[in-house]
Amino acid sequence: MSTIKIRSIQLKDNVMLARAIRDVLIEMGVPKVGTAYEDEALDVMFETYDFTGKEYFVIEENEKILGGAGIAPLEEADSSGVCELQKMYFLPQARGRGVGFDVMQKCLDFAKKQGYTHCYLETMPYMEAARKLYRKVGFESLEKPMGNTGHYSCQEWMIKEL
């Protein structure tokens with residue numbers, strides 16, 4: 001029997017994680033420009049999150065990375081108390097198993113421990129399952145984007161008080 005593990009990213013995860021995230025983005029029909037797909041960080045996730053105030057959690061099953069999610073300060077935010085839930089994507093075999101909720105809780109717990117007061121995220125309107133999960137944990141829709149994520153193709157913005 002396999003067991004899904006949620007753990008902090010390691011250097012060895014970079015290639016498999018980048019492939020998993022890009023596969024999900026292609027599956028969902030997300031534009032390749034103005035989204036996480038073209039982020040330089042996608043190929044060096046361990047190095048990107050290896051700083052104070054940042055953390056990325058991977059989902060692993062049978063030594064295969066099925067996705068993950070991370071927390072980092074929101075770039076160019078009006079307040080240093082705002083973090084961003086980033087790159088939360090899961091391959092189909094991880095979906096519907098409660099993993100999204102669990103990894104999001106780990107991210108939000110980390111954010112609180114770091115002293116963040118709000119968590120922001122960006123998504124696509126047609127990612128209905130993700131948006132339902134975000135609302136379930138208390139994220140609320142915003143009228144316009146915050147900060148500068150570089151993801152100008154994302155059309156849904158949400159925030160949660162921590």
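All right, on to the overall build of the chain then. A count of helices and strands for the chain gives four helices and seven strands. Listed N to C, the secondary structure of the chain is β-α-α-β-β-β-α-β-α-β-β in terms of helices and strands. Computed over C-alpha atoms, the radius of gyration of the chain comes to 14 Å, within 12% of the 15 Å expected from 2.2 N^0.38 for 162 residues, which places it in the range of a compact globule. The dimensions of the chain, computed from C-alpha atoms along their principal axes, are 45 × 35 × 30 Å. Sequence separation of at least 24 residues holds for 67% of the intrachain contacts in the chain that already meet a minimum separation of 6. When the accessible surface of the chain is summed, it comes to about 8,600 Å², and 49% of that surface belongs to carbon and sulfur atoms.

Glancing now at the packing of aromatic side chains. Aromatic ring pairs: the centre-centre distance and the angle between the two ring planes describe each pair. Enumeration according to the criterion identifies two aromatic pairs in this entry. Between tyrosine 49 and tyrosine 56, the ring centres sit 5.2 Å apart and the planes meet at 55°, which makes this aromatic pair tilted. For tyrosine 56, a relative accessible area of 0% puts it in the buried group. Geometrically, the ring pair formed by tyrosine 134 and phenylalanine 139 is edge-to-face, given 5.9 Å between the ring centres and 65° between the ring planes. Accessibility assignment for this pair places tyrosine 134 and phenylalanine 139 in one class, buried. One residue, lysine 136, lies across the ring of phenylalanine 101, its end atom 5.3 Å from the ring centre.

For the rest of this paragraph, the subject is the side chain of glutamate 122. As for its position among the elements, glutamate 122 is in strand S5 (residues 118-123). Despite being buried, glutamate 122 has no salt bridge partner; lysine 87 is the closest side chain of opposite charge, sitting 9.2 Å away. A distance of 2.7 Å separates the side chain of glutamate 122 from the side chain of tyrosine 120, its partner in a polar contact. Separated by 2.6 Å, the side chains of glutamate 122 and threonine 149 make a polar contact. Here glutamate 122 is in contact with Pro145, Met146, Thr149, His151, Cys154, Glu156 and Trp157, once residues within four sequence places are set aside.

This part takes up the environment of aspartate 39. By the element assignment, aspartate 39 lies in the loop between helix H1 (14-27) and helix H2 (45-48). A sequence separation of 110 residues divides aspartate 39 from threonine 149, and the C-alpha atoms of the two residues are 10.0 Å apart. Those residues within four positions of aspartate 39 in sequence are excluded, and the remaining contacts are Arg22, Lys87 and His151. Within the structure, aspartate 39 has its side chain in polar contact with the side chain of lysine 87 (distance 2.7 Å).

Moving on to the sheet that holds strand S2 (residues 55-61). Pairing is mixed across the open sheet formed by seven strands, whose spatial order is S1-S2-S3-S4-S5-S7-S6. Across the chains shown, the open sheet's two edge strands, defined by having one partner strand only, are strand S1 (5-8) and strand S6 (140-141). Where helix H4 (residues 128-136) meets the sheet, its contacts fall on strand S4 (82-90), S5 and strand S7 (156-161), and the angle it forms with S7 comes to roughly 20°.

Turning to the nonpolar core, a few remarks are in order. In terms of nonpolar packing, the biggest core is built from 45 residues, with Ile71, Leu85, Met104 and Phe139 touching the most fellow members. Put simply, the parts of the chain that give this core at least two residues each are H1, S2, strand S3 (64-73), S4, helix H3 (99-113), S5 and H4. Per-element accounting of this core gives the leading share, seven residues, to H3. When near neighbours in sequence (up to four residues on either side) are disregarded, phenylalanine 139 contacts Met104, Leu108, Cys119, Leu121, Tyr134, Met158, Ile159 and Lys160.

Let us look at H4. Regarding H4, the residues found buried are Arg131, Leu133 and Tyr134. Seen end-on, H4 carries its buried residues on one side only, within an arc spanning 160°. Exposed residues pointing more than 90 degrees away from the buried face of H4 are listed as Glu128, Ala129, Lys132 and Lys136. Where the residues of H4 are buried, they touch S4, H3, S5 and S7.

Reading the values: the criteria
Residues numbered from 1 in each chain as written. Predicted model: local features only at pLDDT ≥ 70, side-chain atom pairs only at ≥ 80, totals over all residues. Heavy atoms only, no water. Helix = DSSP H or I, 4+ residues; strand = E, 2+ residues; numbered from the N terminus. Rg over C-alpha atoms; globule rule 2.2 N^0.38 Å. Contact = heavy atoms within 4.5 Å. Areas by Shrake-Rupley, 256 points an atom, 1.4 Å probe, with all protein chains shown as cover. Phe/Tyr/Trp six-rings, centres within 6.5 Å; stacked < 30°, edge-to-face > 60°. Buried < 20%, exposed > 50% of the residue type's maximum accessible area, 1.4 Å probe, protein only. Lys NZ or Arg CZ within 6 Å of the ring centre and 35° of its normal. Lys, Arg positive; Asp, Glu negative; His and termini not counted. Salt bridge = Lys/Arg side-chain N within 4 Å of Asp/Glu carboxyl O. Polar contact = N/O pair within 3.5 Å; in protein donor to acceptor, adjacent residues only side chain to side chain. Pairing = 2+ DSSP bridges. Axes fitted to C-alpha atoms, helices over the stretch in contact; angles between N-to-C directions. Core = buried A, V, L, I, M, F, W, Y, C linked by side-chain atoms within 4.5 Å. Arc of directions from axis to C-beta.

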